[in-house]
Amino acid sequence: MSKRGAFIAIEGLDRSGKSTQASALIKRLEAANVPCKHIKFPDRTTPIGKMIDSYLQSKTELDDHVIHLLFSANRWELASSIVKALEEGTTVVCDRYAFSGIAFSAAKVLPRETTSKDGDSTIPIPTHVLSYEWCRAPEISLPAPDLTFLLEVSPEKAESRGGYGEERYENKEVQEHVRQVFDRIGEEIESSGVGKWVVLDADLDKDEVEQSVWDEVKPFIEHMGVSGPVRKLW
Ligand code: FDM
Ligand code: MG
């Protein structure tokens with residue numbers, strides 16, 4: 001069997017430069033004559049993707065469980081085509097994947113925080129709407145990335161890049177909660193051995209980040225190769 005393609009995911013908070021880096025990586029792969037394909041989640045072009053798009057633009061309201069399952073279904077509807085491309089030797093670069101799915105949903109807290117008394121001070125206890133385990137469940141068995149980059153951007157840098165947009169989740173508070181879940185996911189991926197998790201400082205100049213991405217991807221593709229069947233998410 002000829003070598004299969006690598007499955008590479010690029011994850012991070014808003015304004016971390018994911019899309020820029022995904023495009024830059026595709027260009028580098030093309031220049032190195034590596035067959036490759038650029039995909040993005042959510043894929044807003046499918047019927048499920050259109051429902052997600054409408055929700056993100058706050059044109060529709062959906063129960064938190066429902067939107068979580070739609071995001072996951074949006075990956076499942078493309079899962080077999082991802083596996084097929086990889087098996088045919090095409091490297092797939094994915095802008096956001098299941099880790100965004102878990103992180104953004106598990107980060108949701110009820111608008112009103114309950115508080116606990118500690119001496120004289122009142123400590124807010126955020127109440128999570130969906131548990132981490134519940135959010136992770138529908139992602140089980142999706143094709144697993146061989147390599148995932150988490151682009152870490154500071155709130156200050158995100159702000160300086162033009163701040164957040166108008167869509168749902170694009171605000172400081174949500175992003176901070178999401179950051180914490182991403183850290184938990186990274187620890188789990190590392191210890192599970194399903195794929196490699198690489199954290200990069202995305203406050204750096206985009207050319208520097210691009211070089212760091214390439215420094216990981218190039219030897220990965222050339223030497224270690226990507227062998228064996230496509231793995232499944234943990
Ligand atoms: N998002 C993205 C989720 O909540 N779940 C998911 O499974 C995915 C893939 O959708 F706020 C969120 C993350 C982001 C929003 O993403 C749209 P883009 O990258 O801005 O299109
Ligand atoms: Mg966005």
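Up top you'll find the structure we're talking about.
Residues numbered from 1 in each chain as written. Chains lettered and ligands numbered in written order. Predicted model: local features only at pLDDT ≥ 70, side-chain atom pairs only at ≥ 80, totals over all residues. Heavy atoms only, no water.

> Break down the overall build of the protein for me, with residues and values.
If you tally the helices and strands in the protein, you get eight helices and seven strands. Against the 2.2 N^0.38 benchmark of 17 Å for 234 residues, the protein shows a C-alpha radius of gyration of 18 Å, consistent with a compact globule. Here the protein holds 234 residues, and 47% of them are scored as buried. Long-range pairs, those at least 24 residues apart, make up 78% of the contacts in the protein between residues at least 6 apart in sequence. Averaging the coordinates of the 29 positive side-chain charges in the protein and doing the same for the 39 negative ones gives two points 4 Å apart. (Helix = DSSP H or I, 4+ residues; strand = E, 2+ residues; numbered from the N terminus. Rg over C-alpha atoms; globule rule 2.2 N^0.38 Å. Buried < 20%, exposed > 50% of the residue type's maximum accessible area, 1.4 Å probe, protein only. Contact = heavy atoms within 4.5 Å. Lys, Arg positive; Asp, Glu negative; His and termini not counted. Charge placed at Lys NZ, Arg CZ, Asp CG, Glu CD.)

> For the packing of aromatic side chains, give the residues involved together with the corresponding values.
Counted according to the given criterion, the structure contains six aromatic pairs. A ring pair is formed by Phe41 and Tyr97, whose centres lie 5.9 Å apart and whose planes are at 50°; its orientation type is tilted. Taken together, the residues span a long stretch of sequence, with Phe41 in the loop between β2 (36-40) and α2 (47-56) and Tyr97 in the loop between β3 (91-95) and α4 (98-106) at a distance of 56 residues. Between the aromatic rings of Phe104 and Tyr169, the centroid separation amounts to 5.5 Å while the plane-to-plane angle is 45°, which identifies the pairing as tilted. Of this pair, Phe104 sits in helix α4 while Tyr169 sits in the loop between α6 (155-160) and α7 (172-192), and the two are 65 residues apart along the sequence. Joined through ring pairs, the aromatic side chains of Phe7, Phe41, Tyr97, Phe99, Trp197 and Trp234 make up one cluster. Positioned above the aromatic ring of Trp234, the side-chain terminus of Arg136 is 4.5 Å from the ring centre. (Phe/Tyr/Trp six-rings, centres within 6.5 Å; stacked < 30°, edge-to-face > 60°. Lys NZ or Arg CZ within 6 Å of the ring centre and 35° of its normal.)

> Tell me about the pattern of salt bridges, residues and numbers included.
This model, assessed by the stated rule, comprises 18 salt bridges. For Arg4, the salt bridge identified is with Asp146, shortest N-O distance 3.0 Å. On the criterion of sequence distance, the pair formed by Arg4 in the segment before β1 (7-12) and Asp146 in the loop between α5 (132-136) and β6 (147-152) is long-range, its members being 142 residues apart. Residue Asp146 is classed as buried on the basis of its relative accessible area of 4%. (Salt bridge = Lys/Arg side-chain N within 4 Å of Asp/Glu carboxyl O.)

> Would you mind going over the site of ligand 1 in detail, with residue names and values included?
Around ligand 1, the neighbouring residues are Lys40, Phe41, Pro42, Arg44, Leu56, Phe71, Arg75, Arg96, Ser100, Gly101, Phe104 and Tyr169. Contacts to ligand 1 include Arg96, whose side-chain N or O atom sits 2.7 Å from an oxygen atom. Applying the majority rule of atoms within 2 Å of the grid points places ligand 1 in the largest pocket. Of all the secondary-structure elements, those providing two or more residues to the shell around ligand 1 are α3 (64-87) and α4. The residue makeup of the shell around ligand 1, split by class, is six nonpolar, two polar and four charged. (Near = heavy atom within 4 Å. Polar contact = N/O pair within 3.5 Å; in protein donor to acceptor, adjacent residues only side chain to side chain. 1 Å grid on protein atoms, 1.4 Å probe; cavity = no way out; pocket = protein on both sides within 12 Å on 5 of 7 lines; lining within 4 Å. Sits in = over half its atoms within 2 Å of the grid points. Nonpolar A, V, L, I, M, F, W, Y, C, P; charged D, E, K, R; others polar.)

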